[in-house]
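A look at the structure
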Amino acid sequence: MNLFGRLVVRNLLTTYDLKPALFASLLIPNLMYVFFAAFAYEKIIPPFNVNGVELAYSSFLVPGVVLMHVVSLSSLGGAMFWTDKHNGMLEQLLTLPIPRSYYFLSRMAAILVSSIVSGLAILLLSVPLISGSLRIEYYSVGLFLVSITACCLTFAFLSIIIFSFVTTPDHVTVFSRLITTPLIVMSSVFYPLESAPSIIRDVGYLNPLTYCSDLLRASLLGTYRDGDALICLVLVLLSLAIVILARVIFDRTQLDS
């Protein structure tokens, strides 16, 4: 295996440990959202219309939970950059003949692999709930990959940017709880923004997670809109801009801090 491949495997192992118990601990809470929340709320929330498609609440919820899991996992992967730096592991790695670009790109590859694989796992396990609503088209795979990849890169490298300026583990926890949670809640993960109070709706329309959720639903449930191609372009450009900014900040990071 070449050097880059070893770094990707190393990042996967150190971030997620690849132990069945740990991997299950990341999946099970989100699966509980799918099965318990969907069954509970479906009894009190009647089917509603999303872009001309009638959906049960369980069908609406599943794509949102997949992306909620991606956000959590991506932020965890980004936090491992801080751990490597804080524990001196990053400095040790870069004293070897390893370019900074290899570390950075391997971190990105590891986050993408884990997010896509685990997101697919949640989706496949949830198929019994949404099988009646699935509407897969030839371009569904493209929309699926854009939504997952853009969400993953945006939140992973946003966390790397923030953690570059963090000095204590407490601040890492603050980011995870006080930033990612409001972003998840004030988006279309759990409910259509059109039915939300105006202040939440206005914030939600500025939230990239809203558009990632809408694209994922469109790829699975056929809730397409005329502007989906433009949304894909904007999400790709936004995620690339955040990755580039994270790379610039990473290159200027002092390893002895």
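Located above this text is the structure these notes cover.
The following paragraphs examine the structure supplied in this document.

Calculation rules
- Residues numbered from 1 in each chain as written.
- Predicted model: local features only at pLDDT ≥ 70, side-chain atom pairs only at ≥ 80, totals over all residues.
- Heavy atoms only, no water.
- Core = buried A, V, L, I, M, F, W, Y, C linked by side-chain atoms within 4.5 Å.
- Buried < 20%, exposed > 50% of the residue type's maximum accessible area, 1.4 Å probe, protein only.
- Helix = DSSP H or I, 4+ residues; strand = E, 2+ residues; numbered from the N terminus.
- Contact = heavy atoms within 4.5 Å.
- Salt bridge = Lys/Arg side-chain N within 4 Å of Asp/Glu carboxyl O.
- 1 Å grid on protein atoms, 1.4 Å probe; cavity = no way out; pocket = protein on both sides within 12 Å on 5 of 7 lines; lining within 4 Å.
- Points joined across faces, edges and corners; volume = space filled by probe spheres on them.
- Nonpolar A, V, L, I, M, F, W, Y, C, P; charged D, E, K, R; others polar.
- Axes fitted to C-alpha atoms, helices over the stretch in contact; angles between N-to-C directions.
- Left-handed = near helix turned anticlockwise from the far one by under 90°.
- Patch = residues over 30% accessible without salt bridge, like charges linked within 9 Å, V, L, I, M, F, W, Y side chains within 5 Å.
- Areas by Shrake-Rupley, 256 points an atom, 1.4 Å probe, with all protein chains shown as cover.

A short note on the nonpolar core
Ranked by internal contacts, the top residues of the largest apolar core, which has 58 residues, are Cys151, Phe157 and Leu209. Secondary structure elements with two or more residues in this core: helix H2 (20-42), strand S1 (48-50), strand S2 (53-55), helix H3 (57-86), helix H5 (100-130), helix H6 (140-163), helix H10 (208-221) and helix H11 (228-251). With 12 residues, H6 is the single largest residue contributor to this core. Setting aside its immediate chain neighbours within four residues, Leu209 contacts Leu67, Val71, Cys151, Phe155, Leu183, Ile184, Ser187 and Val189.

Describing the pattern of salt bridges
According to the stated counting rule, one finds three salt bridges in the structure shown. We note a salt bridge from Arg217 to Asp214, for which the minimum N-O separation is 3.7 Å. One end of the pair is Arg217 and the other is Asp214, both in helix H10 and three residues apart, which spans about a single turn. Accessibility expressed as a relative area gives 18% for Asp214, which makes it buried.

Considering the side chain of Ser133
By secondary structure assignment, the location of Ser133 is in the loop between H5 and H6. If we skip the residues at most four places from it in the chain, Ser133 touches Leu55, Ser59, Leu220 and Leu221.

Description of unusual backbone geometry
In the Ramachandran plot, Asn51 falls in the positive-phi region, its phi being about 50° despite a non-glycine side chain. Inspection of the secondary structure puts Asn51 in the loop between S1 and S2.

Quick notes on the layout of surface pockets
Put simply, the second largest pocket is a space of about 220 Å³. As for the second largest pocket, its lining consists of 15 residues, of which Val50, Asn51, Pro192, Glu194 and Asp214 are closest to the centre. Within the residue set of the lining of the second largest pocket, elements represented by two or more residues are S1 and H10. Looking at the lining of the second largest pocket, the element that brings in the most residues is H10, giving four residues. Split into classes, the residues belonging to the lining of the second largest pocket amount to six nonpolar, five polar and four charged.

Section: the packing of H3 against H6
What describes two packed helices is the angle between their axes and the distance between those same axes. Axis separation between H3 and H6 bottoms out at 8 Å; the angle between their running directions is 35°. Read as a crossing pair, H3 and H6 show a hand that is right-handed. Touching Val66, Leu67, Val70, Val71, Ser74, Ser75, Gly78, Ala79, Phe81 and Trp82 of H3 are Ser147, Ile148, Cys151, Cys152, Phe155, Ala156, Ser159, Ile160 and Phe163, all from H6. When its residues are assigned to classes, the contact of H3 with H6 shows 14 nonpolar, five polar and no charged.

Structural notes on the side chain of Ser239
Along the chain, Ser239 falls in helix H11. On the accessibility criterion, Ser239 (4% relative accessible area) is buried. The residues contacting Ser239, other than those within four sequence positions of it, are Ala150, Leu153 and Thr154.

Considerations on a nonpolar patch on the surface
A surface patch of nonpolar side chains, about 700 Å² in accessible area, is lined by Leu230, Leu233, Val234, Val236, Leu237, Leu240, Ile244 and Val248. Inspection of the secondary structure assignment puts Ile244 in helix H11. Ile244 gets classed as exposed once you look at its relative accessible area, which sits at 56%.

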